[in-house]
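Here is how the chains run, residue by residue.
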Amino acid sequence: MDVVFNQLFAGLSMASILLIIALGLAIIYGAMGVINLAHGEFVMLGAYTTWACQHYLGFGILLSLPFVFVVVGAIGWLIERTIVQRLYDRPLDTILATWGIGIMLQQLVRIVIGPESRFVSGPDFLRGNLEIGNVVMSNYRIFVIFFSIAVLLATWALLTKTEFGTKLRAVIQNRSISECYGIESKRIYSLTFAYGAGLAGIAGTLITPLFSTIPTMGTSLVVDAFLVVIIGGLGSIIGAAAAAVMIGELTAMFSLVINDTLGRIGVLACVIVLIRLRPRGLFPENTRG
Amino acid sequence: MKRRDFLRSTGALGVMGTAGGLSAPALLLGTSSASAQVLGDDIPVGLLFSLTGAVAVVEHTLHDASLMAMEEINAAGGIHGRMLRPIIEDPASDPATYADRARRLMIRDKCISVFGSYTSASRQAVLPVVEQRNNLYWYPTLYEGRECSRNVMYGGAVPNQQQDNVIAWAIENFGPRFYLLGNNYVYPKEENNYCKSLLAELDGEAVNEEYVPMGHSDFSSIINRIRTEKPDVIFSTLVGDSDVAFARQYLAAGLDPTQMPVLSLTRSEVEVKAIGGEAAAGHFSSAPYFMNTSTPENEKFVEAYKSKYGGDAVTHFVSEAAYFQVYQFKAALEKLDPGNVTTETIRAAAVGTELLAPQGSVLIDENLHTHLWPKVAEWQSDGQAKVILDSAERVAPKPYAAYEGQTCTGAGLVET
């Protein structure tokens, strides 16, 4: 039984990382209809910014978080203003454009910083485990779980409780009418894209003590994040959260019963069945029109 | 003007084409006569390591080490007064490009030998080309030991050289229960096959054998499973980023290396630099070379490498082989009359060549693999390895050791 609990925790820990990555993706898609294939590279830029903060300024991971959010957010903003903004009426072209941006970002990091894996040390006070009976939970992973819940709540609050959120929802509902009311939709879009990129950056920071920091690290992460967004219902925040937990736990449970490789196949098979039964995902956004 | 240039160059091409056409029958007829060449003022050799793409991280260091050896040889007067002329190609981590560039080096640049590559996939892509052109390919990496080509000089360890003494040592020091963990491709599977046959002989046991996809990076389930199984040793053939992620998550999960150490065949100074000394400390690697091996040859090698490529550059067990293979090549050529340099004569001269490498004295076997000095080292928190088990004698390479009835010999693969 302890094995199952340990595994449930592992699933939750995977889910929390997936959630932060997918959240940015979901917002960008939900708000602007942009399928951002460069999202994984924003995660990678977050990891490298964390490395730079630690290497050059001596910052720990937690202290780096706000810097990373601002830096990657700014890069996202710049990319939105220069490239993505020109493509809002051509949603399919955004796929190609963001994919190209992703490759360029990867190569840029490889040329400027180098191809080898970079070392980032984790926070000392989160070392060790919390043990309840035979259930062993890594302190750092517990921290990541709580942090991702906080990010989820903050995003929800931003979208529902602030003026920015109200404007954003208005733009999503009907862009031209909102503009008639004096909402600068372009500005709203840029900020939303920057926020989504910033979230990806934060995810990059949080995974540095667990993963290897290399230029290609975002590629595999973005695939899982897309899975989450699609199952959750495109653009739905609650859906993304539910889907992240579902995929994380499914992966963990399959891995417990079979192994990681076959487990992965099992998860993908379940996703296919689920999409067949609920083509618009778990919690489709019915308000879009 | 442009048109005239164009005509001139196409004319030149035409002449070259005719010349090529004339010599074609010779190329097709006898392979050995086609590759025979009289050495000119310099000796063209190919350097085929990826400087871009996914495996550039490691191959760049191999490129650097090989190039350094060539420059050292030239600075010391070359081979019989002839300078080595390295011709550098970047196959960009793509197996098909390796084959293409190898062909270019052998045909266009007339390289008499090519030094190159890190992964088995790239070696296997180059293999048909070197065999067809009857050239020599110097391959420095450890590998699964299930190949026997007369055109490849294997400088790295095969399974028996990395495992024979280590498995017995690990059973004695930690216990008989092994958890075999690797990436899902040929190398880990072959190494694990060999490990299981050793475990069966030594009353050991593989409690689990598990493979994860290349680049797999979330090991939380596997770490839980390891916690449940409580093996005595985690025997790892994870490569690159997977190894880095696993080592870091092992530390984050609070597992204890004194209870359950990772014994890796693939973790070198390069991986440890990314893992961080703290997460690597207390774990073990088995290899013929570690950066702080204390021999005069190694001190010279490390010093030269650092002064050329920067103070924080590291040498490792593949870059060492990339380095000494160039010297093996030199030693072979020195035995030859410059007018009689062919693949056959280089190979014949290379077999039995003994030289002092940074790891100790290495010898080329008639099966073209290399006799090496297996070592086991414990990683320290400063990112360096402390050698704790040094083999008393040099170990002969035994490709196909896990396969009964198959042996690699000077005549190629022999099946009985």
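What counts, and at which threshold
- Residues numbered from 1 in each chain as written.
- Chains lettered and ligands numbered in written order.
- Predicted model: local features only at pLDDT ≥ 70, side-chain atom pairs only at ≥ 80, totals over all residues.
- Heavy atoms only, no water.
- Disulfide = S-S within 2.5 Å.
- Helix = DSSP H or I, 4+ residues; strand = E, 2+ residues; numbered from the N terminus.
- Pairing = 2+ DSSP bridges.
- Contact = heavy atoms within 4.5 Å.
- Axes fitted to C-alpha atoms, helices over the stretch in contact; angles between N-to-C directions.
- Parallel < 35°, antiparallel > 145°, perpendicular 65-115°, else oblique.
- Left-handed = near helix turned anticlockwise from the far one by under 90°.
- Nonpolar A, V, L, I, M, F, W, Y, C, P; charged D, E, K, R; others polar.
- Buried area = accessible area lost by both parts, 1.4 Å probe.
- Salt bridge = Lys/Arg side-chain N within 4 Å of Asp/Glu carboxyl O.
- Polar contact = N/O pair within 3.5 Å; in protein donor to acceptor, adjacent residues only side chain to side chain.
- Domains from an automatic or database assignment.

Colleague: Please explain the state of the cysteines as it appears in this structure.
Modeller: Two cysteines whose sulfur atoms are joined by a covalent bond form what is called a disulfide. Residue and element names in this part refer to chain B. Enumeration according to the criterion identifies one disulfide over all chains in this entry. Put simply, Cys148 and Cys408 are joined by a disulfide, and their sulfur atoms are 2.0 Å apart. Here the disulfide of Cys148 and Cys408 is right-handed, its torsion about the S-S bond being about 80°. Pair noted here: Cys148 is in the loop between β4 (137-139) and β5 (152-154) and Cys408 is in strand β16 (residues 406-409), with a separation of 260 residues, a long-range link.

Colleague: Is there a simple way to explain the sheet that holds strand β12 (residues 360-364) of chain B in this structure?
Modeller: Pairing between sheet strands relies on hydrogen bonds along the backbone, with the strands arranged either parallel or antiparallel. Residues and elements named next belong to chain B. The three strands lie next to each other as β11-β12-β13, forming an open sheet whose pairing is antiparallel. Of all strands in the sheet, those bounded by a partner on one side alone are β11 (354-357) and β13 (370-371). As judged from the four bridges shared by β11 and β12, these two strands associate in the antiparallel manner. Looking at the pairing, Ala357 lines up with Gly360 of β12. Relative to β11, helix α13 (residues 317-334) is tilted by about 140°, and along the sheet it contacts β11, β12 and β13.

Colleague: Looking at this structure, how should I read the packing of helix α2 (residues 39-57) of chain A against helix α4 (residues 91-112) of chain A?
Modeller: Packed helices, taken two at a time, are described by their axes: the angle between them and the distance between them. Residue and element names in this part refer to chain A. At a minimum axis separation of 9 Å, α2 and α4 run at an interaxial angle of 25°. By the angle between their directions, the pair α2 and α4 is classed as roughly parallel. Of the two possible hands of crossing, α2 and α4 adopt the one that is left-handed. Between α2 and α4, the contacting residues are Glu41, Phe42, Met44, Leu45 and Tyr48 on the first element and Gly102, Leu105, Gln106 and Val109 on the second. Broken down by class, the residue content of the contact of α2 with α4 amounts to six nonpolar, two polar and one charged.

Colleague: Help me understand the interface of chain B and chain A in this model?
Modeller: Chain B puts 30 residues into the contact, and the matching count from chain A is 32 residues. Both sides together, the interface formed by chain B and chain A hides about 2,500 Å², and carbon and sulfur atoms give 49% of it. At the junction of chain B with chain A, the criterion picks out three salt bridges. For the pair chain B and chain A, the interface holds 15 residue pairs in polar contact (both at pLDDT 80 or more). If you list the elements that add at least two residues to the side of chain B that touches chain A, you get β7 (205-212), α8 (220-229), α9 (240-252) and α10 (269-275) of chain B. Broken down by element, the side of chain B that touches chain A gets its largest block of residues, seven residues, from α8(B). Class assignment of the residues belonging to the side of chain B that touches chain A gives a composition of eleven nonpolar, eleven polar and eight charged.

Colleague: So what exactly am I meant to see when it comes to the domain arrangement of chain B here?
Modeller: Quite often, the size of an interface is put as the accessible area lost when its parts meet. Residues and elements named next belong to chain B. According to the domain assignment, chain B contains domain 1 (43-157 + 292-373) and domain 2 (160-287). Between the C-alpha centres of domain 1 and domain 2 there is a distance of 29 Å. With 15 residues of domain 1 in contact, the opposing surface of domain 2 contributes 14 residues. Between domain 1 and domain 2, the buried area comes to about 1,300 Å², and carbon and sulfur atoms account for 63% of it. Applying the counting criterion to the domain 1 and domain 2 interface returns one salt bridge. Where domain 1 packs against domain 2, one counts three residue pairs in polar contact (both at pLDDT 80 or more). Among the residues forming the side of domain 1 that touches domain 2, the class breakdown is seven nonpolar, five polar and three charged.

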